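Below, each chain spelled out in residue letters.
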Amino acid sequence: QQQVKQSPQSLIVQKGGIPIINCAYENTAFDYFPWYQQFPGKGPALLIAIRPDVSEKKEGRFTISFNKSAKQFSLHIMDSQPGDSATYFCAASAGYSGGGADGLTFGKGTHLIIQP
Amino acid sequence: NAGVTQTPKFRVLKTGQSMTLLCAQDMNHEYMYWYRQDPGMGLRLIHYSVGEGTTAKGEVPDGYNVSRLKKQNFLLGLESAAPSQTSVYFCASSPMGLAKNIQYFGAGTRLSVL
C-alpha cells in the first residue's frame, strides 16, 4: 500500500527551466510534507517542507505548492541549474505536534537531470 | 561535526550469514530510524526508536532486529541474510519536539547478499 504517490519517475529539463514534481497522498492524518534531495552516493537531505495550513512556501529557488482538498503537493525549481540534478523524494508524516515519532512515508523518488 | 555516521559503507554477505549495521549520531537526538532504499521503491522504514532502550516496527521490519542500548547508537541486525535484503540502508536521527520531523540521514550502507 503506497501512501504517497510521486510522479514523474524521471525528468529531464533544460537549464533555466522549471521542473515540477508532483505528489499525492491518501492518509488525511498526514500533517507535515517535506521534500528531500539526494545526490549519488549520499544520504537524503531535507530541502524544504510545508504544513497544510499554508498553500505555498518558498525557499530560494525552491517552492512547494500544497492543495489540501486535493491531497496533493508539488515541488517547483525556479531557474534550474545542472547542480540541481539529483533524486528528489517527497514525504509525509503524521502527528506533527504530537509526542511520538513514526518516521516518514516517502514517495518513490524522481530522478531529475538538468541539461546545460 | 560528524552528524550521522554509518558503518560499514559496503558489505557483501552470503545467504544465511549474519551482520550488524552500526549507526552513530553526535547531535544528542532522541529519535533514530533505519530505512532501506531500493530502486524505484523510495525509502521504506524498517524500525525506529523514540529513545534509549525503546524500539518499534516500521513498514518492513521482517528479517531485521534493532537495539538502542545507548542514546547515540542504533544497531540494525540481520540474523540470517537473504538475497531480498540486498539494498542500501540509511540511518537517520531527529530531535524531540516540533523539529522531530527534520530527519538527518547518514551516507548509507550498501549491502549485497549473494
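All figures in this text were calculated on a predicted structure; none of them were measured in a lab. Along each chain, the written sequence defines residue order, and numbers are assigned to residues from 1. Chains and ligands are labelled by the order in which they are written, letters from A for the one and numbers from 1 for the other. Local features in this predicted model are restricted to residues of pLDDT 70 or higher, and side-chain atom pairs are both shown and tallied only at a pLDDT of 80 or more, whereas totals for entire chains, interfaces and linings draw on every residue. Side-chain metrics rest on all non-hydrogen atoms present in the structure, leaving aside hydrogens and water.

A. The arrangement of the side chain of K71 of chain B in detail. Secondary structure counts use DSSP, requiring at least four H or I residues in a row for a helix and at least two E residues in a row for a strand, with both numbered from the N terminus. Take K71 of chain B: it is sitting in the loop between β7 (65-67) and β8 (73-78). Should any heavy atoms of two residues lie within 4.5 Å, those residues are considered in contact. The contact partners of K71 of chain B, leaving out residues within four places of it in the chain, are Q25, N28, H29, E30, M32 and E52 of chain B.

B. Up close: the sheet that holds β8 of chain B. All names here are of chain B. In short, DSSP must find at least two bridges between two strands for them to pair. What the four strands build is an open sheet, ordered β1-β3-β8-β7; its pairing is antiparallel. If you trace the sheet from one side to the other, it starts and ends with β1 (4-7) and β7, each paired once. Averaged over all adjacent pairs, the angle separating strand axes in this sheet is 20 degrees, with direction ignored. In this sheet, strand β3 (residues 19-25) lies alongside β1 in antiparallel orientation, the contact comprising four bridges. Within β3, the residue paired with Q6 across the bridge is C23. Helix axes use the C-alpha atoms of the stretch in contact, all axes being lines fitted to C-alpha atoms, and the angles between their N-to-C directions lie in the range 0 to 180 degrees.

C. Summary view of the pattern of salt bridges. Salt bridge criterion: a side-chain nitrogen from Lys or Arg within 4 Å of a carboxyl oxygen from Asp or Glu. Tallied over the full model, the rule gives five salt bridges over all chains. A single network of salt bridges, built from pairs that share partners, joins R36, D38 and R44 of chain B.

D. Unusual backbone geometry, seen in detail. Residue P8 of chain A is reached from S7 of chain A by a cis peptide bond, and omega for that bond is -5 degrees. Considering the arrangement of structural elements, one finds P8 of chain A in the loop between β1 (4-7) and β2 (10-14). A cis amide bond, omega -5 degrees, links T7 of chain B with the succeeding residue P8 of chain B. Summarising the element assignment, P8 of chain B is placed in the loop between β1 and β2 (10-13). Here K71 of chain A, not a glycine, exhibits a phi torsion of approximately 55 degrees, which is positive. On the basis of relative accessible area, K71 of chain A is assigned to the partly exposed category, the value being 27%. One non-glycine residue with positive phi stands out, namely D79 of chain A, at about 45 degrees. Counting through the fold element by element, D79 of chain A comes out in the loop between β8 (72-77) and β9 (86-94). In this scheme, a residue with accessible area under 20% of its type's maximum is buried, one over 50% is exposed, and one in between is partly exposed, where area comes from a 1.4 Å probe on protein chains only.

E. Structural view of the nonpolar core. Among buried residues, the Ala, Val, Leu, Ile, Met, Phe, Trp, Tyr and Cys ones that are joined through side-chain atoms within 4.5 Å form a nonpolar core. Residues F33, W35, F73, L75 and Y88 of chain A are the most contacted members of the largest nonpolar core, which totals 24 residues. If one sorts the elements of this core by residue count, β9 of chain A sits on top with four residues. V4, M19, W34 and V66 of chain B belong to the second-largest nonpolar core, a separate cluster that totals 19 residues.

F. Up close: the packing of aromatic side chains. Each pair of aromatic rings taken from Phe, Tyr and Trp, with Trp reduced to its six-membered ring, is defined by centres within 6.5 Å and is described as stacked if the planes are under 30 degrees apart, edge-to-face if over 60, and tilted in the remaining cases. Within this structure, the stated rule accounts for 17 aromatic pairs over all chains. Taking 5.5 Å as the distance between ring centres and 35 degrees as the angle between the ring planes, the aromatic pair formed by Y35 of chain B and F105 of chain B counts as tilted. With Y35 of chain B in strand β4 (residues 31-38) and F105 of chain B in strand β10 (residues 104-105), this residue pair connects regions lying 70 residues apart in the sequence. Just as Y35 of chain B is buried, F105 of chain B falls in that class too. An aromatic cluster is defined as three or more aromatic residues linked by ring pairs; in this entry it consists of Y36, F89 and F106 of chain A together with Y33, Y35, Y48 and F105 of chain B.

G. Structural detail: the pairing of strand β11 (residues 110-115) of chain A. Residue and element names in this part refer to chain A. Burial along β11 is one-sided: T110, L112 and I114 are buried, and none of H111, I113 and Q115, which face the opposite way, are. Here five bridges tie β2 to β11, and the two strands are oriented parallel to one another. Bridge pairing links V13 to I114 in β11. Sheet analysis places β9 next to β11, joined by three bridges and oriented antiparallel. By the bridge assignment, Y88 is partnered in β11 with T110.

No statement about biological role is implied by the geometric values presented.
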